[in-house]
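If you want the building blocks of each chain, they are given just below.
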Amino acid sequence: AQKVTQAQTEISVVEKEDVTLDCVYETRDTTYYLFWYKQPPSGELVFLIRRNSFDEQNEISGRYSWNFQKSTSSFNFTITASQVVDSAVYFCAPDMDTGRRALTFGSGTRLQVQP
Amino acid sequence: DGGITQSPKYLFRKEGQNVTLSCEQNLNHDAMYWYRQDPGQGLRLIYYSQIVNDFQKGDIAEGYSVSREKKESFPLTVTSAQKNPTAFYLCASSILPRVRQPQHFGDGTRLSIL
């Protein structure tokens, strides 16, 4: 069975601090994709990044960076110099090669960035 | 602009009543999904459809029904059999190539019991 663990329920930081959101998943699949989504207070989910299980190169996009470690089944997300607008719930969501092609969501990490 | 439209934004259900949540997309996506989100939790898959006139149950399909008569539309009916329908419902769509594409989400419908 697939399982996603986002152990941090809620994180509170002060603006300009760096923050890392953890994601650990379980799968028996050798081929899969991993996604991160952001859910601001308005409720919609915003796609942030997609990684495939073949590519372990870390990625940086502006203030966002991702650290994918296949050996430890982790896909962590770091926000550098956090801003108040980063306050949201962040979801890690693996898309395993089950043929179902639907995401398995973690329970999310609520990030509060204080001014 | 292309996107996914969910309506209504807020919906109230009376005891024993069926209600239907609308989801329309103009992205020409093949696949559509319905998720349920309870407070403080992640999203759980209710139903999904990869092609017109075909749909599959997700993890929590009991008490729900769907139809996919048109590519752009995937309405969800919350039936009276769903005893705890209060939740935030999100519709999503995606292309289905060999490479996984991200799902695009609507703004959601918040359903409450009267």
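The partner chain A presents 23 residues to the 23 residues of chain B that form the contact. Contact between chain B and chain A buries roughly 1900 Å² in total, counting both sides, with carbon and sulfur atoms accounting for 51%. Where chain B packs against chain A, one counts 0 salt bridges. Here chain B and chain A share 3 residue pairs in polar contact (both at pLDDT 80 or more) between them. Among the secondary structure elements, those contributing two or more residues to the side of chain B that touches chain A are strand 4 (31–37), strand 5 (43–51) and strand 9 (87–94) of chain B.

As a further point, take the nonpolar core. Residues Trp36(A), Trp66(A), Phe77(A), Tyr90(A) and Leu111(A) are the most contacted members of the largest nonpolar core, which totals 24 residues. Looking at which element gives the most residues to this core, the answer is strand 10 (residues 88–96) of chain A, with 4 residues.

All right, on to unusual backbone geometry then. Following Ser7(B), the chain continues to Pro8(B) via a peptide bond in cis, the omega torsion being -10°. The phi dihedral of Ala81(A) is positive, around 50°, even though this residue is not glycine. The topology assignment puts Ala81(A) in the loop between strand 9 (74–79) and strand 10. Overall, the relative accessible area of 32% leaves Ala81(A) in the partly exposed class. At Asn53(B), a residue that is not glycine, the phi angle is positive and equals roughly 65°. Examined against the element boundaries, Asn53(B) turns out to sit in the loop between strand 5 and strand 6 (54–57).

As a further point, take the state of the cysteines. Here a disulfide denotes a covalent bond joining the sulfur atom of one cysteine to the sulfur atom of another. Residue and element names in this part refer to chain B. According to the stated counting rule, one finds 2 disulfides over all chains in the structure shown. What pairs with cysteine 23 in a disulfide is cysteine 91, and their sulfur atoms sit 1.9 Å apart. Between cysteine 23 and cysteine 91, the S-S torsion sits near -75°, and that sign places the bridge as left-handed. Here cysteine 23, found in strand 3 (residues 19–25), pairs with cysteine 91, found in strand 9; they are 68 residues apart in sequence, far enough to count as distant. We classify cysteine 91 as buried; its relative accessible area is 0%.

What follows is about a nonpolar patch on the surface. Taken together, the side chains of Tyr10(B), Phe12(B) and Leu114(B) define a hydrophobic patch exposed on the protein surface, amounting to about 380 Å² of accessible area. Summarising the element assignment, Phe12(B) is placed in strand 2 (residues 10–13).

Turning our eyes to something else, we now look at the packing of aromatic side chains. Under the counting rule described, the total for this entry stands at 19 aromatic pairs over all chains. Plain terms: the ring middles of Phe105(A) and Phe105(B) are 6.3 Å apart, the flat faces sit at 75° to each other, and that makes the pair edge-to-face. One end of the pair, Phe105(A), is in the loop between strand 10 and strand 11 (109–114); the other, Phe105(B), is in strand 10 (residues 104–105), on a second chain. Take Phe105(B): its relative accessible area is 10%, and that puts it in the buried class. These aromatic residues form a ring-pair network of at least three members: Phe35(A), Tyr37(A), Phe47(A), Phe91(A), Phe105(A), Tyr33(B), Tyr35(B) and Phe105(B). Between the NZ or CZ atom of Arg110(B) and the centre of the ring of Phe88(B), over which it lies, the distance is 4.2 Å.

Bringing the pairing of strand 2 of chain B into the picture now. Residues and elements named next belong to chain B. The alternating pattern of strand 2 places Leu11 and Arg13 on a buried face and Tyr10 and Phe12 on a face that is not buried. As judged from the 4 bridges shared by strand 2 and strand 11 (residues 109–113), these two strands associate in the parallel manner. Of the residues in strand 11, the one forming a bridge with arginine 13 is isoleucine 113.

Parameters and conventions
Residues numbered from 1 in each chain as written. Chains lettered and ligands numbered in written order. Predicted model: local features only at pLDDT ≥ 70, side-chain atom pairs only at ≥ 80, totals over all residues. Heavy atoms only, no water. Contact = heavy atoms within 4.5 Å. Buried area = accessible area lost by both parts, 1.4 Å probe. Salt bridge = Lys/Arg side-chain N within 4 Å of Asp/Glu carboxyl O. Polar contact = N/O pair within 3.5 Å; in protein donor to acceptor, adjacent residues only side chain to side chain. Helix = DSSP H or I, 4+ residues; strand = E, 2+ residues; numbered from the N terminus. Core = buried A, V, L, I, M, F, W, Y, C linked by side-chain atoms within 4.5 Å. Buried < 20%, exposed > 50% of the residue type's maximum accessible area, 1.4 Å probe, protein only. Disulfide = S-S within 2.5 Å. Patch = residues over 30% accessible without salt bridge, like charges linked within 9 Å, V, L, I, M, F, W, Y side chains within 5 Å. Areas by Shrake-Rupley, 256 points an atom, 1.4 Å probe, with all protein chains shown as cover. Phe/Tyr/Trp six-rings, centres within 6.5 Å; stacked < 30°, edge-to-face > 60°. Lys NZ or Arg CZ within 6 Å of the ring centre and 35° of its normal. Pairing = 2+ DSSP bridges.

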